[in-house]
Amino acid sequence: MTALSNARYAPDLHGFIEFLENEHPGEVVRVEREVDPEFEISGILHRLEGDGRCPLVIFENVKGSEMPLVANMHAGFERLRLAVGMTEGGVREFVAECAARQREPVAPRIVETGPVHQAVATGPDVDVNELPICTYHERDAGKYITAGLSVMRDPDTGIANVGIYRHMVHERNLLGIQLSETADGNVIWKKYERLGRPCPIAIVIGHHPAVFIGALAFSGLDSDEFHIAGGMLERPLQLVKCKTVPLEVPADAEIVLECETRPGERRPEAPFGEYPGTYGPQRDNPVLEIKAITRRNAPLYQNAFVGHADNLLLSGLMRTSFIEDTVRIACPTVKGVVVPPSGRYRFVCYIAVETMIEGEARQAAMAAFVADPFLKFAVVVDHDVDIASDAEVMHAIATRVRGDRDIFMVPYAKGSPLDPASYDPGGGSHLVTKVGIDATRKPDYPPEISVPGADALDLADYIPGYEPPKTRR
């Protein structure tokens, strides 16, 4: 692990952007021309991604708003690595570092005030339309907040919880919220609903990417993600009490929407272009009333382009360490876990094991399903297979799987309600069929071809100027 490369910069969104522009200017693009938040911003991001580029983009002149918009923060691996101060290392090293920091949480500190309280709007002055909120996809039902860190508190334990949920704009002071059945926030909200009480929710918009890494780390309801975020930053987050709801939020955030649910009230919400690359169906979802908007004097609005790298990459990487730890309980010889982009960083998992006894591969696949309800396909391969390579995993499936013996299915299992292959995608069903595949070598597997001494050859001795391809694992 290298020293924290961004330690001397403020641990907030402004500070991280300053760090990038000073020390890694190629990571940032500024767009000065006026852009429309309806389809034009998402169109630019889509075209950039299609050209193989995913820079951090700052839109300085968004039609209808005085606030700049920050997009694509989490769309590039290099920025995620820099967010935790790593200047070298691949995905495996990054995931291992994040897992180690998750095991060393740092408690936040409560402060009296902070930049997020420089401007406060309450009551009739609340108007969420002042923010440069985007409409992303052709059939989206409206404007959506997509990168808000939603802070809630369990009414039974008093432990805070942080998650990211989508918020459709209904009115100037009313938002929708999609709390999927797999989310901790769904459990907390239902507790308030059963009590007939409003559920306080503070939506934090704009912060250092390490805070997002901590918020998306897999943890239980007994963990406070702000403690994990402090571990990622290796310093305590400074929290300030909200003005109108009984919650604490980062004092150096850009914007906070202080909200309460309206008990029993529902409004139609969606369709919305979601992470599988399809539209989530319209549902009758809870309604949030915005009690206050607090912000910096000159805030940056941050979004996430759902269904694209900015939304997919970070979540996919943060799932792997928890899955691996859970699989290791069932199969101590696990060598690695990858949730590949080919499965939208959600639905497919590759697990490398050193098989010791018959049945371990099946056990490893079942443990992965327990760890992450979004997973539908768990493929277990031998430890010498490069699980970062779809081609090598498919080779193992093609040559080591006997369909009638090595594939098992778990029907009617809990999955994602946004899965287009659920039992009732139009109705938002969360029930799916999970498939485990044992693609390890079997006891009677024939010898594989090899070339003796090939790995020891230096091809530069034979081909002047030859350089081996660079790989990242």
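Remember, it's a predicted structure, so these values are computed and weren't measured experimentally.

(A) Broad picture of the pattern of salt bridges. Scanning the model with the defined rule gives 35 salt bridges in all. A salt bridge links arginine 328 to glutamate 324; the nearest nitrogen and oxygen atoms lie 3.1 Å apart. Taken together, the positions of arginine 328 and glutamate 324, both in helix H8 (residues 309–330) and four residues apart, correspond to about one turn of that helix. Via salt bridges that share partners, Glu171, Arg262, Glu265, Arg267, Glu289 and Lys291 belong to a single interconnected network.

(B) Inspection of the sheet that holds strand S23 (residues 431–438) at higher detail. Strand order in the open sheet formed by five strands is S19-S20-S21-S23-S22, with mixed pairing between adjacent strands. The outermost strands of the open sheet, each flanked by one partner alone, are strand S19 (334–338) and strand S22 (407–414). The sheet shows a mean angle of 20° between the axes of neighbouring strands, taken without regard to direction. Where S22 meets S23, six bridges bridge the pair, whose relative direction is antiparallel. When the bridges of S23 are listed, methionine 409 appears paired with valine 435. Where helix H9 (residues 360–371) meets the sheet, it contacts strand S20 (348–353), strand S21 (377–382), S22 and S23, and its direction lies at approximately 145° from that of S21. Contacts from helix H10 (residues 390–400) reach S20, S21 and S23, with the element oriented near 85° to S21.

(C) View of the sheet that holds strand S1 (residues 28–31). Taken in spatial order, the four strands line up as S1-S2-S3-S18 in an open sheet, and their pairing is mixed. With one partner strand each, in any of the chains shown, S1 and strand S18 (301–302) form the two edges of the open sheet. Of the pairings in the sheet, the one linking strand S3 (residues 69–71) to S18 comprises two bridges and is parallel in character. Pairing of valine 70 across the sheet is with glutamine 302, part of S18.

(D) How the structure looks around the environment of alanine 304. Checked against the element boundaries, alanine 304 lands in the loop between S18 and H8. With relative accessibility at 8%, the residue alanine 304 sits in the buried group. Through-space distance from the C-alpha of alanine 304 to that of glutamate 49 is 14 Å; in sequence the pair is 255 residues apart. Filtering out sequence-adjacent residues up to four positions away, alanine 304 remains in contact with Tyr136, Thr146, Ala147 and Asp310.

(E) Representation of unusual backbone geometry. Of note, the amide linkage connecting alanine 270 to proline 271 takes the cis form, showing an omega dihedral of 10°. Residue position: proline 271 is located in the loop between strand S14 (255–269) and strand S15 (272–273). Residue alanine 270 is not a glycine yet carries a positive backbone phi of 80°. Notably, tyrosine 345 is not glycine yet its phi reads approximately 55°, a positive angle. Checked against the element boundaries, tyrosine 345 lands in the loop between S19 and S20.

(F) The arrangement of H8 in detail. Here H8 is 22 residues long and its end C-alpha atoms lie 32 Å apart, about the 32 Å a rise of 1.5 Å per residue gives. Burial analysis of H8 places 17 of its 22 residues in the buried class, the great majority of the element.

(G) Just the side chain of arginine 166, in detail. Tracing the sequence through the fold places arginine 166 in the loop between strand S8 (160–164) and strand S9 (167–171). By relative accessible area, which is 6% here, arginine 166 ends up buried. For arginine 166, the side chain forms a polar contact with the side chain of glutamate 269, separated by 2.7 Å. Filtering out sequence-adjacent residues up to four positions away, arginine 166 remains in contact with Tyr144, Ile145, Gly176, Ile177, Gln178, Glu269, Ala270, Phe272, Glu274, Pro281, Asn285 and Leu418.

(H) A look at helix H5 (residues 184–195). With 12 residues, H5 should reach 16 Å at 1.5 Å per residue; the first-to-last C-alpha distance of 17 Å fits that figure. Three or more residues of H5 are buried, namely Gly185, Asn186, Ile188, Trp189, Lys191, Tyr192 and Glu193. Those residues of H5 that are buried are in contact with strand S7 (148–153), S8, strand S11 (200–205), S14 and strand S17 (283–295). Of the residues flanking the end of H5, it is glycine 196, one or two places downstream, whose phi is positive at about 70°.

(I) Highlighting a nonpolar patch on the surface. Together, Leu457, Leu459, Tyr462, Ile463 and Tyr466 make up a nonpolar patch on the protein surface, roughly 490 Å² of accessible area in all. Note on placement: tyrosine 466 falls in the segment after S23.

About the thresholds
Residues numbered from 1 in each chain as written. Predicted model: local features only at pLDDT ≥ 70, side-chain atom pairs only at ≥ 80, totals over all residues. Heavy atoms only, no water. Salt bridge = Lys/Arg side-chain N within 4 Å of Asp/Glu carboxyl O. Helix = DSSP H or I, 4+ residues; strand = E, 2+ residues; numbered from the N terminus. Pairing = 2+ DSSP bridges. Axes fitted to C-alpha atoms, helices over the stretch in contact; angles between N-to-C directions. Contact = heavy atoms within 4.5 Å. Buried < 20%, exposed > 50% of the residue type's maximum accessible area, 1.4 Å probe, protein only. Expected span 1.5 Å × (residues − 1). Polar contact = N/O pair within 3.5 Å; in protein donor to acceptor, adjacent residues only side chain to side chain. Patch = residues over 30% accessible without salt bridge, like charges linked within 9 Å, V, L, I, M, F, W, Y side chains within 5 Å. Areas by Shrake-Rupley, 256 points an atom, 1.4 Å probe, with all protein chains shown as cover.

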